[in-house]
Amino acid sequence: MSAYAIQSDNIVTFEGTSGVTDGFIVVKDGLIREITQRKPLNIPCYTAAGMTVTPGLIDAHTHLVHAGSRENELADKLSGVPYMDILKKGGGILSTVRATRTASIEELKDKARKSLDIMLAHGTTTVEAKSGYGLDIHTELKQLKAAKELNGEHPIDIISTYMGAHAMPPEYKDNRRGYLDLMINEVMPKVTDAAFVDVFCEDGAFYLDETREILQAAKALGFGVKLHADEIEPMGGAELAAELGAVSAEHLLKTSDAGIEALAQAGVSAVLLPATSFYLMTGSFARARDMINAGVNIALATDYNPGSCPTENLQAVMTFAAFGMGLMPIEIIRAMTSGAAKALGLTDRGAIKPGLKADLVIFGTPNIDYIVYHFGLNHVHSVIKDGIFVKGGLHADRYDC
Ligand code: IZC
Ligand code: ZN
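No experiment lies behind these values; they were computed from the predicted model shown. (Residues numbered from 1 in each chain as written. Chains lettered and ligands numbered in written order. Predicted model: local features only at pLDDT ≥ 70, side-chain atom pairs only at ≥ 80, totals over all residues. Heavy atoms only, no water.)

Which parts of the structure should I look at to understand the sheet that holds strand β11 (residues 248-251)?
Two orientations exist for strands paired in a sheet by backbone hydrogen bonds: parallel and antiparallel. One open sheet holds the 8 strands; their spatial order is β6-β7-β8-β9-β10-β11-β12-β13, and the pairing between them is parallel. Unpaired on one side and paired on the other, β6 (57-59) and β13 (298-300) mark the two borders of the sheet. Here the average twist between neighbouring strands, direction ignored, is 25 degrees. Inspection of the sheet shows β6 paired to strand β7 (residues 124-130) by 3 bridges, in the parallel sense. Each residue of the ladder has a partner; that of D59, found in β7, is V127. (Pairing = 2+ DSSP bridges. Helix = DSSP H or I, 4+ residues; strand = E, 2+ residues; numbered from the N terminus. Axes fitted to C-alpha atoms, helices over the stretch in contact; angles between N-to-C directions.)

Structure representation (structure tokens):
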């Protein structure tokens, strides 16, 4: 069926001031055609009365494609060993690099596909996926190829990011210049399956000058650029993101007032990852309220990865955004839909608006506050991607409302 309508008394559109309306969403050929108060005639009409319809959730920061897991590091973490110390000892990211290098593309895809299924079941319809667990040319391209193939095979849209600058590969430990040259001259020109390049700008990963050089080269090749910025140490990453005209700066736990102002002035989106703050037991969260007040566009994402945030579930992130950052439910949903679309440079989704993709989540809750209020479980009733029910579905006896 190419055209239908969904009726609900709680439609979170992000049009107007409150962003919430009631009425009918008319969907045709995969797109939203109309939001109307009048019942459309001559098309099937599903009723989602008592439920809440939002745009499909967009997870703007994940490390989706990788092999292995790191529960062997949990005891160290719980005993207070810092994340970067585990990396320095050859664990952390480098442990996942070893597993990913030896995995076949099918093994990578099988694991990532399971994660995509979990994401979809929790309401995610678009996901960003970073490479960065190969650090050599072959494995980085293998990760990006896995993501590209999954994009064609799974309902979720995958937007890829090349992140060779995630950690210094052991074979270049004493030759940082050599690894920078490899990424800039050999890997990036061969990357055809990614929209963005990202750098882990952090003490113990890549310094500010190295980050600038890599991202300037990426821009010259036509990539959009992103930074893991000011996560653990205040490195001036936000200021660099502004200087480079980055699409987004991500993490931002330690960003200064000047850094926040720079993001606002340059129109750089802030991608915030409160579940990671929780999982790393940092005791602090990014200053989301100050960023919103300064006029910075905010996205909230999972950071799904096997080390610092092993969850695919954006509803878990809602809990930490609310109770860690003090954000309101409407701000949280906006940051996972229209805010996240902007942080990925996407203009065809992220709101319930005529002409946009019909990517919709139907939550089995009476309003959006309830999604955040009753925490720790999955409230998704159904998911629609490009106009098609890909999870759940409204009952046939509810046709023709
Ligand atoms: O595998 O630990 N922060 N990179 C930077 C990560 C977390 C992913 C990981
Ligand atoms: Zn990350």
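Structure shown, so let's carry the discussion forward.
Even after reading the chapter, I still don't get the pairing of strand β8 (residues 157-165), so can you show me in this structure?
Each regular strand shows side chains that alternate between the opposite faces of the sheet. Most of β8 sits inside the fold, with 9 of its 9 residues counted as buried. Bridging between β7 and β8 involves 5 bridges; their strand directions are parallel. Looking at the pairing, T126 lines up with D157 of β8. Pairing of β8 with strand β9 (residues 196-201) involves 3 bridges; the strand directions are parallel. Along β9, the bridge assignment pairs T161 with F196. Considered for its hand, the β-α-β crossover made up of β8, helix α6 (residues 176-187) and β9 is right-handed. (Buried < 20%, exposed > 50% of the residue type's maximum accessible area, 1.4 Å probe, protein only. Right-handed = clockwise from strand over helix to strand, strands pointing away.)

Could you clarify how one ought to interpret the coordination of the zinc ion (ligand 2) in this entry?
The expected angle between donors at a tetrahedral four-coordinate metal is 109.5 degrees. At an octahedral six-coordinate metal it is 90 or 180 degrees. Summarising the metal site, the zinc ion (ligand 2) is bound by the protein donors H61 (NE2), H63 (NE2), H228 (NE2) and D303 (OD), whose distances to it range over 2.0 to 2.7 Å. Around the zinc ion (ligand 2), the 4 donor atoms sit at angles spanning 75 to 159 degrees, and that spread fits a shape best called irregular. Sequence spacing among the residues donating to the zinc ion (ligand 2) works out to H-x1-H-x164-H-x74-D. One end of the pair, H61, is in the loop between β6 and α1 (74-78); the other, D303, is in the loop between β13 and α12 (314-325), with 242 residues separating them in the sequence. A relative accessible area of 2% means that D303 is categorised as buried. (Donors = N, O, S within 2.8 Å, 3.2 Å for Na, K, Ca; no water. Tetrahedral: all angles 85-135°; square planar, octahedral: opposite > 155°, others 65-115°.)

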